[in-house]
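Residue-level structural notes
Letter by letter, the chains look like this.
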Amino acid sequence: MKKLSLLIAVLMCSISLFSQLVPVVDSIPMRDGKKLAADIYIPSALSQGGPIILIQTPYNRQYYRYSLPLGVGLNMENSNYVFVIVDWRGFYGSASAMVANPNRGQDGYDVVEWIASKSWSNGKIGTWGPSALGKIQFQTAKENPPHLTCIAPLVAAPQFDYSEYFPGGVYRTEYVQQLDQLGYGMSSFLLSNPFFSNTWTYVQNQNYYPSSIKVPTFMIGGWYDFNVEFMLPFFAGIQTSSDITVRSKHKLMMGPWAHGGFGQATVGSCQQGDLIYNEACHWSDSLAIRFFEFHLRNMDNNWESEPVVSYFQMGENTWQQSLKWPISEIQNFKLYLSEDMILRPETPASNSAFSTIIYDPRNPSPTIGGPTLRNDLLQGPYDQSPLVESRNDVLVFSTPILSQNVRLIGSSKVHLFVSSNRFDTDFTARITDVYPDGRSMILVDGIKRMRFRNGYRTLDTASMVPGNVYEIDIDLPNTAITFLAGHRIRLDISSSNYPRFDRNINNGGTMYVAGDTLVAENKVFHNASHGSNVEMKLESYPTQISENKIQNQMKIYPNPTHESLKISCNIASGKIEIFSVFGQLVYSEILTNSVSKVDISNLKSGYYIIKSKFGTERFVKF
């Protein structure tokens, strides 16, 4: 009986709490006479007027009836704000208001000014929301509605940029597929404009407007989000070009977060992919609340003393601060690819070394985590070693085990000397943080399509001459990570990363149409005259790693390999064992030389682990 009474009490409490989230449903008239559907949540204490948090969404306002953001949850009565949640024109409750080429900024203006006229509004209105809900905040602010007080966009920037959809000239397959599924219908325009053109110039100019921002802005982003390279430049833009009365009031926070939208990883959540960042849990909410308390409630909460830029230094897992981004004091540092698959600060000594990638578009290197959007893909930091680095279509270059912490703060660039036996192909790069237990956690990635090596306009493009060596750069996004002592920095080079990026079918013909699929033999050169390297903004890299520190480490090369494997231990004797990915011992031998050649021709193609008292390494037999 007591259990039944307790159950009833819990249910009644739940019903009572849920009843607090029953909104006032209204429709907001636009200047063209059409109306947008709105849910309005008014705490009893604010029925005669209070500050407003406005959310404009294309993802169905009614979902918020199950829980409100910013920690409000179900208990609306304890909120210090009235929440107004509006369906975009053309979506869900506002579907009937759709018109061709809607001006969402003007709609936002009309919504803000309608709210300001209501008795439950005190005229102070802030906006909040991630992704598309963030982009529309910029569009609304551009129109300068008189009662808009401040905006807090998450993982969002206003740009509509060629490089967002065609980074390195390559179509972002899964990203646009997800946007189409959400109802944006962008693929037709994008696939009709795969080259940079006057159309793109016009579109980009229309969507970059830092000088139009006249309200304090708190931008919140994540290092595993795909908007990093658009958020950071726009924040720099509003710092220097927005209305002079608010330039000093903008702030930026970059956490260890993915884009969110599905799964367990959201902006501010503790769990991000396979990693947990307890030191950043819910910081996005707590700082946004302080921002709103200062600007909407006039609270003296020391908000103005918060850093202009707060960024999370992963690895150390600490919050750092700066007055701007990028941090100019951090210098570029080059690590060169070498024949033995080691990344070193010295240029290679070999005169002819190169490594080969056999790239088959019918079996591309898979996307495992990273800055994805499609809801069937992993998002955020995941281990690349089992499903990416174990394949025979990836080149894996790693530093020796680091003897001290090394900080990466900023963007990176992979500079490669390459060739192919095809007229067109792609080269991809991933940087990972390799843990002592062998996990290789994705940080950033990028791609370059060879026909676009000279630029992205139609006249810039050129086919490759098979066998010719070309220089290319692959740009990698900003991040902040400390590679801890005992870890390694790794660079994975391949020719695909699908479905994050389109698969090049290697025939050199028209892109994004059916055609002959060809296997490419692609080469990456790493020698004295062709010094392929990765350029990173590093602090405290041990430029002279003592040979005493690495002399007992085992080195294996080439990797991937086919017939034989060279093993270097710098010690003339010791047992080595080779295991399959399933842990089965498939080979063992006592080495008698410091450099030994091991015949692996009898092993099946696949991923193997080699162990000795000198260390553990992975290699691929193809």
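Scroll up for the structure.
This section reports on the structure supplied with the text.

Cut-offs applied
Residues numbered from 1 in each chain as written. Predicted model: local features only at pLDDT ≥ 70, side-chain atom pairs only at ≥ 80, totals over all residues. Heavy atoms only, no water. Helix = DSSP H or I, 4+ residues; strand = E, 2+ residues; numbered from the N terminus. Rg over C-alpha atoms; globule rule 2.2 N^0.38 Å. Buried < 20%, exposed > 50% of the residue type's maximum accessible area, 1.4 Å probe, protein only. Contact = heavy atoms within 4.5 Å. Areas by Shrake-Rupley, 256 points an atom, 1.4 Å probe, with all protein chains shown as cover. Lys, Arg positive; Asp, Glu negative; His and termini not counted. Charge placed at Lys NZ, Arg CZ, Asp CG, Glu CD. Axes fitted to C-alpha atoms, helices over the stretch in contact; angles between N-to-C directions. Parallel < 35°, antiparallel > 145°, perpendicular 65-115°, else oblique. Nonpolar A, V, L, I, M, F, W, Y, C, P; charged D, E, K, R; others polar. Salt bridge = Lys/Arg side-chain N within 4 Å of Asp/Glu carboxyl O. Expected span 1.5 Å × (residues − 1). Core = buried A, V, L, I, M, F, W, Y, C linked by side-chain atoms within 4.5 Å. Pairing = 2+ DSSP bridges. Phe/Tyr/Trp six-rings, centres within 6.5 Å; stacked < 30°, edge-to-face > 60°. Disulfide = S-S within 2.5 Å.

A few words on the overall build of the protein. Secondary structure summary: the protein contains 10 helices and 30 strands in total. A compact globule built from 622 residues should have a C-alpha radius of gyration of about 25 Å, and the protein, at 27 Å, falls within 12% of that. Here the C-alpha coordinates of the protein stretch approximately 85 × 70 × 50 Å along the principal axes. A total of 622 residues make up the protein; the buried ones form 55% of that total. The contacts in the protein between residues at least 6 apart in sequence include a share of 74% that link residues at least 24 apart. Carbon and sulfur atoms make up 51% of the accessible area of the protein, which amounts to about 25500 Å² in all. Side chains of the protein carry 52 positive and 54 negative charges; the gap between the two charge centres is 2 Å.

In this section: the packing of helix α2 (residues 104–116) against helix α3 (residues 132–142). Interhelical geometry of α2 versus α3 gives an angle of 75 degrees and a closest axis separation of 7 Å. Between α2 and α3, the interaxial angle falls into the category roughly perpendicular. Only Ile 136, Gln 139 and Thr 140 of α3 make contact with α2, whose side of the interface consists of Arg 104, Gly 105, Gly 108, Tyr 109 and Val 112. Split into classes, the residues belonging to the contact of α2 with α3 amount to three nonpolar, four polar and one charged.

Looking now at the pattern of salt bridges. Under the defined criterion, the tally for this structure stands at 21 salt bridges. Arg 89 is paired through a salt bridge with Asp 32; the nearest N and O atoms lie 2.8 Å apart. One end of the pair, Arg 89, is in the loop between β4 (82–87) and α2; the other, Asp 32, is in the loop between β1 (24–29) and β2 (35–41), and 57 residues separate them in sequence. Relative accessible area serves as the criterion here: at 42%, Asp 32 is assigned to the partly exposed category. Between Glu 293 and Arg 297 there is a salt bridge, with its nearest N and O atoms 3.9 Å apart. Given a relative accessible area of 17%, Glu 293 falls into the buried group. Residue classification places Arg 297 among the partly exposed positions, given a relative accessible area of 32%.

This next bit is on helix α9 (residues 283–296). An α-helical segment advances 3.6 residues per turn. Residues three or four places apart therefore align on the same side. For α9, built from 14 residues, the straight-helix expectation of 20 Å at 1.5 Å per residue is met to within 8% by its first-to-last C-alpha distance of 19 Å. Residues of α9 that are buried: Ser 284, Leu 287, Ala 288, Phe 291, Phe 292, Glu 293, His 295 and Leu 296. In the core, the buried residues of α9 are packed alongside β3 (50–57), β5 (121–130), β6 (148–154), β7 (218–224) and β8 (251–258). Where α9 terminates, the next one or two residues include Asn 298, which has phi positive at roughly 55 degrees.

Right, let's get into the nonpolar core. With 122 residues, the main nonpolar core has Phe 83, Phe 292, Leu 416 and Ile 493 as its most contacted residues. The contact partners of Leu 416, leaving out residues within four places of it in the chain, are Leu 337, Phe 427, Tyr 470, Glu 471, Ile 472, Ile 474, Ile 493, Val 524 and Ser 532. Core analysis: the second largest hydrophobic core is formed by 17 residues, Phe 166, Tyr 175, Val 203 and Phe 452 among them.

Our next topic: the environment of Thr 347. As for its position among the elements, Thr 347 is in the loop between β14 (343–344) and β15 (354–359). Taking the relative accessible area as the measure of exposure, Thr 347 reaches 51% and is therefore exposed. Distance from Thr 347 to Asn 527, taken between C-alpha atoms, is 7.5 Å for residues 180 residues apart in sequence.

Strands sit in the order β24-β25-β28 across an open sheet of three strands; the sheet is antiparallel. Where the open sheet ends on each side, the last strands, each with one partner, are β24 (555–557) and β28 (595–599). The sheet shows a mean angle of 25 degrees between the axes of neighbouring strands, direction not considered.

Below, the discussion takes up the packing of aromatic side chains. The full count for this structure, using the stated rule, is 36 aromatic pairs. A ring pair is formed by Tyr 162 and Trp 200, whose centres lie 5.5 Å apart and whose planes are at 85 degrees; its orientation type is edge-to-face. Of this pair, Tyr 162 sits in helix α4 (residues 162–165) while Trp 200 sits in helix α7 (residues 198–206), and the two are 38 residues apart along the sequence. Judged by its relative accessible area of 4%, Tyr 162 falls in the buried class. Assessed through its relative accessible area of 0%, Trp 200 is described here as buried.

Summarising the sheet, β1 and β2 pair through six bridges and their orientation is antiparallel. Its bridge partner lying in β2, Pro 29 is registered against Lys 35. Between β1 and β2, which follow one another and run antiparallel, lie five residues, and Gly 33 among them has a positive phi close to 90 degrees.

So, about the state of the cysteines. Note on terminology: disulfide describes a covalent bond linking the sulfur atoms of two cysteines. In this structure the tally under the stated criterion is one disulfide. Here Cys 270 engages in a disulfide with Cys 281; their sulfurs sit 2.0 Å apart. Here Cys 270, found in the loop between β8 and β9 (271–272), pairs with Cys 281, found in the loop between β10 (275–276) and α9; they are 11 residues apart in sequence, far enough to count as distant. On the basis of relative accessible area, Cys 270 is assigned to the partly exposed category, the value being 24%. Residue class for Cys 281 comes out buried when judged on its relative accessible area of 16%.

Our next topic: the sheet that holds strand β16 (residues 394–398). Pairing in this open sheet of four strands is antiparallel, and the strands run β16-β21-β18-β19 from one edge to the other. Because the sheet does not close on itself, it has two edges, and the strands there are β16 and β19 (440–449). Recorded for the sheet is a direction-independent mean angle of 20 degrees between the axes of neighbouring strands. Both β16 and strand β21 (residues 488–494) contribute to a ladder of five bridges, which runs antiparallel. Its bridge partner lying in β21, Phe 397 is registered against Leu 491.

Moving on to the pairing of β15. Across the two faces of β15 the burial differs, with Ser 355, Ile 357 and Tyr 359 buried and Phe 354, Thr 356 and Ile 358 not buried at all. Inspection of the sheet shows β15 paired to strand β22 (residues 520–525) by six bridges, in the antiparallel sense. Along β22, the bridge assignment pairs Ile 357 with Asn 522.

Shape is all these values report; function is a separate question.
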